[in-house]
Amino acid sequence: MPLYWFHCRACGGFDLAFSMADVPAAAPCPECGSSSKRQFGVAALIRPGSRAVRLIDATKRTASEPSVVAAPPPRRSVPISRNPLHRTLPRP
Ligand SMILES: [Zn+2]
């Protein structure tokens with residue numbers, strides 16, 4: 001079931017899960033019980049934990065916590081391609 005965001009004037013925002021057919025325009029606040037209107041926002045089109053989210057998080061993190069590198073990454077012992085035709089390509 002999708003989560004819908006509601007806003008209580010006294011307590012702030014909270015999420016409740018409803019089926020898409022049964023979502024009300026207002027719901028009682030879980031803390032004070034007052035009627036809280038449903039808020040509309042932007043849909044989350046990015047899946048949490050996806051490659052894009054990890055890249056965005058890593059990019060944001062490097063702005064404040066740059067990673068300290070003491071050594072270059074280890075060399076690969078396994079060749080990238082096992083195709084014998086690729087051996088004739090120029091190497092850097
Ligand atoms: Zn409240």
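Scroll up for the structure.
Attention in this report is confined to the structure presented alongside it.

What about the overall build of the protein?
Item 1. A count of helices and strands for the protein gives one helix and four strands.
Item 2. Reading the secondary structure of the protein in the N-to-C direction produces β-β-β-β-α.
Item 3. In terms of overall size, the protein is more extended than a compact globule, its C-alpha atoms giving a radius of gyration of 25 Å where 92 residues would be expected to give roughly 12 Å.
Item 4. Each principal axis of the C-alpha atoms in the protein carries an extent, and together these give about 70 × 35 × 20 Å.
Item 5. By residue count, 12% of the 92 residues in the protein fall in the buried class.
Item 6. For the protein, long-range pairs separated by at least 24 residues make up 19% of all intrachain contacts whose partners lie at least 6 apart in sequence.
Item 7. Of the accessible surface of the protein, which amounts to about 8,500 Å², a share of 60% is contributed by carbon and sulfur atoms.
Item 8. Put simply, the protein has 13 plus and 5 minus side-chain charges, and the middle of one group is 21 Å from the middle of the other.

Describing the sheet that holds strand β4 (residues 35-39)
Item 1. If you walk across this open sheet you meet the four strands as β2-β1-β4-β3, and the pairing is antiparallel. Among the strands making up the open sheet, the edge pair consists of β2 (12-17) and β3 (26-28). Each adjacent strand pair in this sheet contributes to an overall mean axis angle of 40 degrees, direction not counted.
Item 2. Pairing geometry for strand β1 (residues 3-8) and β4, over three bridges, is antiparallel. Bridging from a neighbouring strand, phenylalanine 6 pairs with arginine 38 of β4.

Here's the deal with the coordination of the zinc ion
Item 1. Within the first shell, the zinc ion binds the protein through Cys8 (SG), Cys11 (SG), Cys29 (SG) and Cys32 (SG), at distances of 2.3 to 2.4 Å.
Item 2. For the zinc ion, all donor residues lie on one chain, and their spacing in sequence is C-x2-C-x17-C-x2-C.

Concerning the packing of aromatic side chains
The description of an aromatic ring pair rests on the distance of the ring centres and on the angle between the ring planes.
Item 1. For the coordinates displayed, the defined rule picks out two aromatic pairs.
Item 2. For the pair phenylalanine 6 and phenylalanine 14, a centre-to-centre distance of 5.9 Å together with 20 degrees between the ring planes defines the contact as stacked.
Item 3. Exposure remark for phenylalanine 6: the relative accessible area of 0% places this residue in the buried category.
Item 4. By relative accessible area, phenylalanine 14 is classed as buried at 11%.
Item 5. The interplanar angle of 70 degrees and the centroid separation of 6.0 Å between the aromatic rings of phenylalanine 6 and phenylalanine 18 together place this pair among those described as edge-to-face. Linking phenylalanine 6 in strand β1 with phenylalanine 18 in the loop between β2 and β3, this pair joins segments that are 12 residues apart in sequence. Each member of the pair, phenylalanine 6 as well as phenylalanine 18, is classed as buried.
Item 6. One aromatic cluster is present, formed by Phe6, Phe14 and Phe18 through successive ring pairs.

Rules used in this analysis
- Chains are numbered independently. Their residues run from 1 in the order of the written sequence.
- Predicted model: local features are reported for residues with pLDDT of at least 70 only, side-chain atom pairs are reported and counted for 80 or more only, and whole-chain, interface and lining totals are derived from all residues.
- Note: side-chain values were computed over all heavy atoms of the structure, leaving out hydrogens and water.
- Where helices and strands are cited, they refer to DSSP runs of H or I of at least four residues and of E of at least two residues respectively, numbered from the N terminus.
- Here the globule rule is a power law, 2.2 Å times the number of residues to the power 0.38, and the radius of gyration is based on C-alpha atoms.
- Note on exposure labels: buried denotes an accessible area under 20% of the residue type's maximum, exposed denotes more than 50%, and partly exposed covers the range between, all computed with a 1.4 Å probe on protein chains only.
- Only heavy atoms matter for contacts: two residues are in contact if any of them lie within 4.5 Å across the pair.
- Shrake-Rupley sampling with a 1.4 Å probe provides the accessible areas, and residues are treated as covered by the protein chains on show and by no other component.
- Only four residue types enter the charge count, namely Lys and Arg as positive and Asp and Glu as negative; His and the chain termini do not.
- We put the charge of a Lys on NZ, of an Arg on CZ, of an Asp on CG and of a Glu on CD.
- Here, strands pair whenever DSSP counts at least two bridges between them.
- Structural elements are reduced to axes, namely lines fitted to C-alpha atoms, with helices fitted over the stretch in contact, and the angle between N-to-C directions of any two is expressed from 0 to 180 degrees.
- Keep in mind that water is not among the atoms, so a site may look incomplete; donors are the N, O and S atoms within 2.8 Å of the metal, or 3.2 Å for Na, K and Ca.
- Pairing of aromatic rings covers Phe, Tyr and Trp, the last counted by its six-membered ring, and requires centre-to-centre distances within 6.5 Å; plane angles under 30 degrees mean stacked, over 60 mean edge-to-face, and any other angle means tilted.

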